[in-house]
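As a plain string of letters, each chain reads:
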Amino acid sequence: NASRYALYALSLLSAVLAMKTKENAFTLPMVITLYEFLFFTGRIKKRILWLMPMFLTMLIIPLSFIGIDKPVGEIIGGLDAVMRGSSQASRVDYLLTQFRVIVTYVRILFLPVNQNFAHDYPIYHSFFNLHVFIPFIFISLILSGAVYLYFRSRSIPDLRLISIGIVWFFITLAVESSIIPLSMPINEYRVYLPSAGIFLALVTGAMLLTAKLTDKRKVCAIIFAMLIPFIFICATYARNDVWKSKISLLEDTVKKSPVSPVVHNNLGSAYL
């Protein structure tokens, strides 16, 4: 009907606006496709046909960087330059480093201590370095768990929300944590959008576990659940105190990244 087409057009317009606003919107069509095939049914060809315009919006971001008024050869060269990113690290080394970076992001979500405005993060060059290999195993186990929960969701449908939450986290991180080397291999704000998936998975899991508890244990679980946001509120307040001025923020950063020349230079500018 007319309202269905209107909503679809509005969704497509929103996707275009997102692509022109923030680069990690590049992952939006992938998340929509994931949601479509996890939660809905229907003829495959028809569903793919409706999804194709969403995927075409992905061209907006690379073409915005290189411009579309150039010869084909220059456009291809520009795409290669965009894929190379702004870091001196190779694509392979950047990807290897991201395995540990992703684990750091997960750790910060659950244990937000030693947060750093500008991490001085090493670049790794070997897959068999323990700082790369162990995080790779950890990430593989998490993704395997998401696949397992998806198949278990045939008998427990809510498990599908946990599965999509986990996959959401990795998909929405894909732009910054893949093969496009950025000048800063890690930046904590990049977890804002991916964290929505983790919270979806956690809340769903907590609700499923609570449903199986006795009344007395449910009361204990609720009290414990209320303590968690209180702890995070206190942590947020303490962290905000660090952000009260440019100097206090950069002094904290220098303590945590003492060999970074960029951080020392910025602190010097703040003092000046």
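Everything below is about the structure shown above.
Attention here is on the structure that accompanies the text. (Residues numbered from 1 in each chain as written. Predicted model: local features only at pLDDT ≥ 70, side-chain atom pairs only at ≥ 80, totals over all residues. Heavy atoms only, no water.)

1. Some words on the layout of surface pockets
When its volume is computed, the largest pocket comes out at roughly 1,300 Å³. As for the largest pocket, its lining consists of 36 residues, and the residues nearest its centre are Ile 108, Leu 109, Pro 112, Phe 199 and Phe 232. The set of elements that each furnish at least two residues to the lining of the largest pocket consists of helix H6 (91–110), helix H9 (192–211) and helix H10 (215–242). Ranked by residues supplied to the lining of the largest pocket, first place goes to H10 with 11 residues. Of the residues belonging to the lining of the largest pocket, the class tally is 27 nonpolar, seven polar and two charged. Computed from the structure, the second largest pocket encloses a volume of approximately 710 Å³. Lining the second largest pocket are 23 residues, with Tyr 8, Ile 32, Glu 36, Trp 50 and Leu 51 sitting closest to its centre. Mapped onto the lining of the second largest pocket, the elements with two or more residues apiece are helix H1 (2–19), helix H2 (28–39), helix H3 (44–56), helix H8 (159–172) and H9. Split into classes, the residues belonging to the lining of the second largest pocket amount to 14 nonpolar, four polar and five charged. (1 Å grid on protein atoms, 1.4 Å probe; cavity = no way out; pocket = protein on both sides within 12 Å on 5 of 7 lines; lining within 4 Å. Points joined across faces, edges and corners; volume = space filled by probe spheres on them. Helix = DSSP H or I, 4+ residues; strand = E, 2+ residues; numbered from the N terminus. Nonpolar A, V, L, I, M, F, W, Y, C, P; charged D, E, K, R; others polar.)

2. Describing the side chain of Ser 248
Tracing the chain through its elements places Ser 248 in helix H11 (residues 246–256). We classify Ser 248 as buried; its relative accessible area is 15%. For Ser 248, the side chain forms a polar contact with the main-chain oxygen of Val 242, separated by 2.7 Å. Polar contacts involving the side chain of Ser 248 include one to the main-chain carbonyl oxygen of Ser 245, which spans 2.9 Å. Once residues within four sequence positions are removed from consideration, Ser 248 is found in contact with Asp 241, Val 242 and Trp 243. (Buried < 20%, exposed > 50% of the residue type's maximum accessible area, 1.4 Å probe, protein only. Polar contact = N/O pair within 3.5 Å; in protein donor to acceptor, adjacent residues only side chain to side chain. Contact = heavy atoms within 4.5 Å.)

3. Quick notes on the pattern of salt bridges
Per the stated rule, a full pass over the model turns up three salt bridges. Where Arg 47 meets Glu 36, a salt bridge forms, and the shortest distance between an N and an O atom there is 2.8 Å. On the criterion of sequence distance, the pair formed by Arg 47 in helix H3 and Glu 36 in helix H2 is long-range, its members being 11 residues apart. A salt bridge links Asp 252 to Arg 239; the shortest N-O distance between them is 3.1 Å. Taken as a pair, Asp 252 in helix H11 and Arg 239 in helix H10 lie far apart in primary sequence, 13 residues in all. Pair check on accessibility: Asp 252 and Arg 239 agree, each one buried. Three or more residues are tied together by salt bridges with common partners; here these are Arg 239, Asp 252 and Lys 256. (Salt bridge = Lys/Arg side-chain N within 4 Å of Asp/Glu carboxyl O.)

4. Considerations on the environment of Met 54
Mapped onto the elements of the fold, Met 54 is located in helix H3. Met 54 gets classed as buried once you look at its relative accessible area, which sits at 6%. C-alpha of Met 54 to C-alpha of Thr 97: the two residues are 43 residues apart in sequence and 31 Å apart in space. Excluding its chain neighbours within four sequence positions, the residues that come into contact with Met 54 are Ser 11, Leu 12, Ala 15, Pro 29 and Ile 32.

5. Brief notes about the packing of H6 against helix H7 (residues 130–152)
Across the interface, H6 lies against H7 with an axial gap of 8 Å and an inter-helix angle of 60 degrees. In this view, H6 runs oblique relative to H7, as classed from their interaxial angle. For the element pair H6 and H7, the recorded crossing hand is left-handed. Along its contact with H6, which presents Leu 96, Phe 99, Arg 100, Ile 102 and Val 103, the element H7 presents His 131, Val 132, Pro 135, Phe 136, Phe 138 and Ile 139. (Axes fitted to C-alpha atoms, helices over the stretch in contact; angles between N-to-C directions. Parallel < 35°, antiparallel > 145°, perpendicular 65-115°, else oblique. Left-handed = near helix turned anticlockwise from the far one by under 90°.)

6. A closer look at the nonpolar core
Counting 23 residues, the largest nonpolar core has Ile 102, Tyr 105, Ile 162, Ile 166, Phe 169 and Phe 170 as the members making the most contacts within it. Of all the secondary-structure elements, those providing two or more residues to this core are H6, H7, H8 and H9. Ranked by the residues each element gives to this core, the list is headed by H6, at seven residues. Those residues in contact with Phe 169 that lie beyond four places of it in its chain are Ile 102, Tyr 105, Val 106, Leu 109, Val 191, Pro 194, Ser 195 and Ile 198. Among the nonpolar cores identified, the runner-up in size contains six residues, and Ala 118, Leu 250, Val 263 and Ala 270 belong to it. (Core = buried A, V, L, I, M, F, W, Y, C linked by side-chain atoms within 4.5 Å.)

7. Regarding the packing of H7 against H8
Geometry of a packed helix pair, given as the angle between the helix axes and the separation of the axes. Direction vectors running N to C along H7 and H8 enclose 150 degrees, while the axes themselves pass 8 Å from each other. Crossing of H7 over H8 shows left-handed handedness. Taken together, the residues of H8 that come into contact with H7 (itself represented by Ile 139, Ile 142, Leu 143, Ala 146, Leu 149, Tyr 150 and Arg 152) are Leu 159, Arg 160, Ile 162, Ser 163, Ile 166, Val 167 and Phe 170. Here the contact of H7 with H8 is composed, by residue class, of 11 nonpolar, one polar and two charged.

In short, shape yes, function no, at least from these values alone.
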